[in-house]
Amino acid sequence: MDTQNHYDAIVLGAGPAGLTAGIYLSRARLRTLILSEGTVGGQMVLTHEIANYPGVESVSGYQLSVIMRNQAKKFGCEIRANISVEKLTLDGLVKEVILSDGSIFTADAVILSPGGRSRTLGVSGEEKPKGKGISYCATCDGDFFTNKEIMVVGGGNSALEEAVSLTKYASKVTIVHQFDNFQAFEFAIREAQNHPKINFMMESTISAFHGNEKIEGVGITDLKTGNTQNHPIDGVFIFIGYVPNTEFLEGKIELNRWKEIIADPDMQTNVPGIFAAGDSIAKRYRQVTTAVADGTIAALAASRYIHELNKDKKLQPEKS
Ligand SMILES: Cc1cc2nc3c(=O)[nH]c(=O)nc-3n(C[C@H](O)[C@H](O)[C@H](O)COP(=O)(O)OP(=O)(O)OC[C@H]3O[C@@H](n4cnc5c(N)ncnc54)[C@H](O)[C@@H]3O)c2cc1C
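Predicted model, so just to flag it, every value in this text is computed and none were measured.

Enquirer: I'd love a proper account of the side chain of aspartate 141, names of residues and values included.
Expert: Here aspartate 141 is to be found in helix α3 (residues 138–141). Look past the residues within four positions of aspartate 141 in its chain and what remains in contact with it is Ser135 and Phe237.

Enquirer: Kindly report on the sheet that holds strand β14 (residues 228–232), identifying the contributing residues and their values.
Expert: One open sheet holds the three strands; their spatial order is β12-β13-β14, and the pairing between them is antiparallel. Two strands bound the open sheet, and with one partner strand each, they are β12 (204–210) and β14. Each strand axis lies, on average, 30° off the axis of its neighbour in the sheet, ignoring direction. Sheet topology places β12 next to strand β13 (residues 217–222); six bridges connect them, and they run antiparallel. Along β13, the bridge assignment pairs isoleucine 206 with isoleucine 220.

Enquirer: Please set out the site of the ligand residue by residue, giving values where relevant.
Expert: Residues in close proximity to the ligand total 33 residues, the closest being Ala17, Gln43, Cys140, Asp279 and Val288. Within the contact set of the ligand, an oxygen atom lies 3.4 Å away from a backbone nitrogen or oxygen of threonine 39. Backbone polar atom of valine 288 to an oxygen atom of the ligand: 2.8 Å apart, as the coordinates give it. Notes on the ligand: free accessible area 1000 Å², of which the protein chains cover 94%. Elements with a contribution of two residues or more to the shell around the ligand: α1 (16–27) and α6 (288–315). When its residues are assigned to classes, the shell around the ligand shows 13 nonpolar, 16 polar and four charged.

Enquirer: Break down the side chain of glutamine 287 for me, citing the residues and quoting the values.
Expert: Looking at where glutamine 287 falls in the secondary structure, it is placed in the loop between β17 (274–276) and α6. Ignoring sequence-local partners within four residues, the contact set of glutamine 287 consists of Asn52, Cys137, Thr139, Cys140 and Asp279.

Enquirer: So what's going on with the environment of tyrosine 53? Which residues, and what values?
Expert: Note that tyrosine 53 resides in the loop between β2 (32–35) and α2 (61–74). By relative accessible area, tyrosine 53 is classed as buried at 19%. C-alpha of tyrosine 53 to C-alpha of valine 288: the two residues are 235 residues apart in sequence and 7.2 Å apart in space. Excluding its chain neighbours within four sequence positions, the residues that come into contact with tyrosine 53 are Leu64, Met68, Val288, Thr289 and Val292.

Enquirer: Tell me what's going on with the packing of helix α4 (residues 157–166) against helix α5 (residues 186–193), and back it up with residues and numbers.
Expert: Across the interface, α4 lies against α5 with an axial gap of 9 Å and an inter-helix angle of 35°. Two packed elements cross with a definite hand, and for α4 against α5 that hand is left-handed. For the pair α4 and α5, contact is made by Asn157, Leu160, Glu161 and Val164 and by Ala188, Ile189, Glu191 and Ala192, respectively.

Enquirer: Can you tell me about the state of the cysteines, naming the residues and giving the values?
Expert: The full count for this structure, using the stated rule, is one disulfide. Linked covalently through their sulfurs, cysteine 137 and cysteine 140 form a disulfide whose S-S length is 1.9 Å. Disulfide cysteine 137-cysteine 140: the torsion about the S-S bond is 70°, which places it as right-handed. Taking the relative accessible area as the measure of exposure, cysteine 140 reaches 23% and is therefore partly exposed.

Enquirer: So, the nonpolar core: which residues are in play, and what are the values?
Expert: Counting 58 residues, the largest nonpolar core has Ile10, Leu12, Leu25, Leu35, Ile111, Leu112 and Ile253 as the members making the most contacts within it. Among the elements that line this core, the one with the most residues is α6, at 10 residues. Ignoring sequence-local partners within four residues, the contact set of leucine 35 consists of Ile10, Val11, Leu12, Gly13, Arg80, Ile83, Val97, Leu99 and Phe105. The next biggest cluster of nonpolar side chains, apart from the first, holds 20 residues, and it includes Ile150, Val164, Ala184 and Ala188.

Reading the values: rules and limits
- Residues numbered from 1 in each chain as written.
- Predicted model: local features only at pLDDT ≥ 70, side-chain atom pairs only at ≥ 80, totals over all residues.
- Heavy atoms only, no water.
- Helix = DSSP H or I, 4+ residues; strand = E, 2+ residues; numbered from the N terminus.
- Contact = heavy atoms within 4.5 Å.
- Pairing = 2+ DSSP bridges.
- Axes fitted to C-alpha atoms, helices over the stretch in contact; angles between N-to-C directions.
- Near = heavy atom within 4 Å.
- Polar contact = N/O pair within 3.5 Å; in protein donor to acceptor, adjacent residues only side chain to side chain.
- Areas by Shrake-Rupley, 256 points an atom, 1.4 Å probe, with all protein chains shown as cover.
- Nonpolar A, V, L, I, M, F, W, Y, C, P; charged D, E, K, R; others polar.
- Buried < 20%, exposed > 50% of the residue type's maximum accessible area, 1.4 Å probe, protein only.
- Left-handed = near helix turned anticlockwise from the far one by under 90°.
- Disulfide = S-S within 2.5 Å.
- Core = buried A, V, L, I, M, F, W, Y, C linked by side-chain atoms within 4.5 Å.

As structure tokens, this is what we get:
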């Protein structure tokens, strides 16, 4: 084993979950390496303002990422971003991560925090105004649309529940859904249908987003006739599903049918020495605060695992 490239713990993913795990592990004097396929900060860097992180009244997602990164580095955590994981060996006592540039790293424990991504509509203009009128998180961004007119895309529980919650801020909410019925619980449908601020555009879809700096309008296509009309709008919330970044873990650890990592309350997966944290695990609420909490628990549990492992190693009789 190359001791230079051997770590007590490797964390995969440098979002808030991974960075928090890095802070705790390094502060516990464990040699820690964070490897992240994306930029440091993960989904936080997509957020122009985070106003619900306790202790910081308002901060840009990028700024919060820099603070977390510096905090982890201050304790000695090594971070490599924009890497690509080629191969992962998680079973066995020594875990191995091979990057596409050929570098090989090993560790006693691994924390998986690859996060996830909201399913996007994939239509023209959707990329540009992200964080400037298009949102995938009502809790995060609802407040920015006070007294504004917005649309909600989707027809499941999330879309209907979030549409109702957004009426606290918006003056008018229009739900755009591709089918003529909803795939949600009856009470969620009833609540949305009975709400005076909520309107519906059924059998319709957003086919284009207009606006440069911020969203100014959308093209709505009537799926029955194929006709498209432009509508001015202040914001669009999209709730058409969530995709965890766990493709690389299939067949290696237990995932549920939605490909989310199954972890116990100590963030332990079904493989000894492998822990998970953040948006990629099976859970209901996905926020920076919940990712940070998961990262804390995973790091503490991993520290304990590494400590026990080292105790066992000392008890092993030396080979003559
Ligand atoms: C537009 C937007 C606005 C938001 N606003 C808020 C808000 O205001 N307040 C709030 O609390 N929450 C907000 N959220 C949610 C919050 O950002 C997430 O809940 C949080 O970032 C999840 O943290 P995480 O560490 O689990 O994962 P992520 O932030 O997703 O980070 C995971 C990292 O792992 C990397 N990665 C992926 N695959 C691999 C791999 N195979 N190996 C190594 N690394 C990998 C990714 O590239 C990424 O950098 C927002 C989300 C979005 C999209």
